[in-house]
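Here are the chains, one letter per residue:
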Amino acid sequence: MDTTEATSIEEASSGYGGWLRFFRIINAIYWIAGIISLIMFPSLIYLYWEDNKSEAIDMLALFVEVLPGTIMSFIIWKNVLVKSEGTPNKVRWFMQLELSLHVIITAGIYYAYKQGYISEGPTPILLSIFYYIIWSFYLKRSKRVMSYYGSNTFKTS
């Protein structure tokens, strides 16, 4: 193997790609699906409001449940390409904020469900917890993240 081939392999392995690209694709899919849902919800709520208010309120609850994840996935999607030492910590912070919002909204929807305001309970939060744990660990420990951003360790200042 000559030096040019070795250099190109080294550059390819230290650049943006692999699981980091997959992470960005997952956030893009969530963002696109969320946008489509958010575009459809208002019209569906309007159509059902006169005929079946309970179903319209259920859709409104689902709208509220989807909104923060859609916004946060867009913010994460945009920030993943920012090649800066602080990006991994910033993305982990956004993921933490997304999980916190999901927990708060899930608790509110669960309360509304138990009180009989809505007929469907919240979506399970376990997938969001796994998402946060897996990707936070990846952003903290990955060699690719370290080589692309220049840092992947937690900094307090």
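Residues numbered from 1 in each chain as written. Predicted model: local features only at pLDDT ≥ 70, side-chain atom pairs only at ≥ 80, totals over all residues. Heavy atoms only, no water.

1. Examining the overall build of the chain
Each helix and strand in the chain was counted, giving 6 helices and 0 strands. Ordered by position from N to C terminus, the α and β elements of the chain give α-α-α-α-α-α. Buried positions account for 34% of the 157 residues belonging to the chain. Sequence-distant contacts in the chain: of pairs separated by 6 or more residues, those separated by 24 or more amount to 68%. As displayed, the chain has an accessible area near 10100 Å², and 67% of this comes from carbon and sulfur atoms. (Helix = DSSP H or I, 4+ residues; strand = E, 2+ residues; numbered from the N terminus. Buried < 20%, exposed > 50% of the residue type's maximum accessible area, 1.4 Å probe, protein only. Contact = heavy atoms within 4.5 Å. Areas by Shrake-Rupley, 256 points an atom, 1.4 Å probe, with all protein chains shown as cover.)

2. Remarks on the confidence of the model for the chain
On average, residues of the chain carry a pLDDT of 83, and 87% of them reach 70 or more. Mean pLDDT in the chain bottoms out at helix H1 (residues 3-14), which sits at 44, and peaks at helix H4 (residues 87-115), which reaches 94. When the criterion is pLDDT under 50, residues 3-13 qualifies, and its contacts beyond four places in sequence or with other chains add up to 5 contacts. (pLDDT = per-residue confidence, 0-100.)

3. Some details on helix H3 (residues 53-79)
Taking 1.5 Å as the rise per residue, H3 with 27 residues should run 39 Å; its terminal C-alpha atoms sit 39 Å apart, in good agreement. Val66 marks the point of greatest bend in H3, at about 25 degrees, and the proline Pro68 comes within the next four residues. (Expected span 1.5 Å × (residues − 1). Bend = angle between axes of the 7 residues up to and from the residue.)

4. Topic: the packing of H3 against H4
Their axes nearest at 10 Å, the elements H3 and H4 cross at an angle of 180 degrees. The angle between the axes of H3 and H4 places the two elements in the roughly antiparallel class. Each of Ala61, Val64, Glu65, Pro68, Gly69, Met72, Ile75, Ile76 and Asn79 in H3 lies in contact with H4, whose residues at this interface are Thr87, Lys90, Val91, Phe94, Met95, Leu97, Glu98, Leu101, His102, Ile105 and Ile109. Of the residues assigned to the contact of H3 with H4, the class counts are 13 nonpolar, 4 polar and 3 charged. (Axes fitted to C-alpha atoms, helices over the stretch in contact; angles between N-to-C directions. Parallel < 35°, antiparallel > 145°, perpendicular 65-115°, else oblique. Nonpolar A, V, L, I, M, F, W, Y, C, P; charged D, E, K, R; others polar.)

5. Quick notes on the nonpolar core
Counting 16 residues, the largest nonpolar core has Leu20, Phe23, Ile76, Val80, Val91, Met95 and Leu139 as the members making the most contacts within it. If one sorts the elements of this core by residue count, helix H5 (residues 126-141) sits on top with 4 residues. When near neighbours in sequence (up to four residues on either side) are disregarded, Val91 contacts Phe23, Ile76, Asn79, Val80 and Leu139. In this structure, Leu38, Phe41, Ala56 and Val66 belong to the second largest nonpolar core, which totals 6 residues. (Core = buried A, V, L, I, M, F, W, Y, C linked by side-chain atoms within 4.5 Å.)

6. Some words on the packing of aromatic side chains
How two aromatic rings sit relative to each other is given by the distance of their centres and the angle of their planes. One pass over the full model with this rule turns up 11 aromatic pairs. Three or more aromatic residues joined by ring pairs make a cluster, and in this case those are Trp19, Phe22, Phe23, Tyr131, Trp135 and Tyr138. (Phe/Tyr/Trp six-rings, centres within 6.5 Å; stacked < 30°, edge-to-face > 60°.)

7. A closer look at a nonpolar patch on the surface
A contiguous nonpolar surface patch, about 460 Å² in accessible area, is contributed by Leu126, Ile129, Phe130, Ile133 and Ile134. Following the sequence through the fold, Leu126 ends up in helix H5. (Patch = residues over 30% accessible without salt bridge, like charges linked within 9 Å, V, L, I, M, F, W, Y side chains within 5 Å. Salt bridge = Lys/Arg side-chain N within 4 Å of Asp/Glu carboxyl O.)

8. Remarks on the environment of Val91
Residue placement: Val91 occurs in helix H4. A C-alpha to C-alpha distance of 8.4 Å links Val91 and Leu139, two positions 48 residues apart in sequence.

9. Overview of the side chain of Thr70
Locating Thr70 in the fold gives a position in helix H3. Engagement of the side chain of Thr70 in a polar contact is seen with the backbone oxygen of Val66, the distance being 2.9 Å. Excluding residues within four positions of it along the chain, Thr70 makes contact with Tyr30, Trp31, Gly34, Ile35 and Leu38. (Polar contact = N/O pair within 3.5 Å; in protein donor to acceptor, adjacent residues only side chain to side chain.)

10. Regarding the environment of Ile118
By the element assignment, Ile118 lies in the loop between H4 and H5. For Ile118, a relative accessible area of 8% corresponds to the buried category. When the C-alpha atoms of Ile118 and Glu55 are compared, they prove to be 8.1 Å apart, with 63 residues separating the residues in sequence. When sequence neighbours within four positions are dropped, the list of residues in contact with Ile118 reads Ile57, Asp58, Ala61, Ile109, Ala112 and Tyr113.

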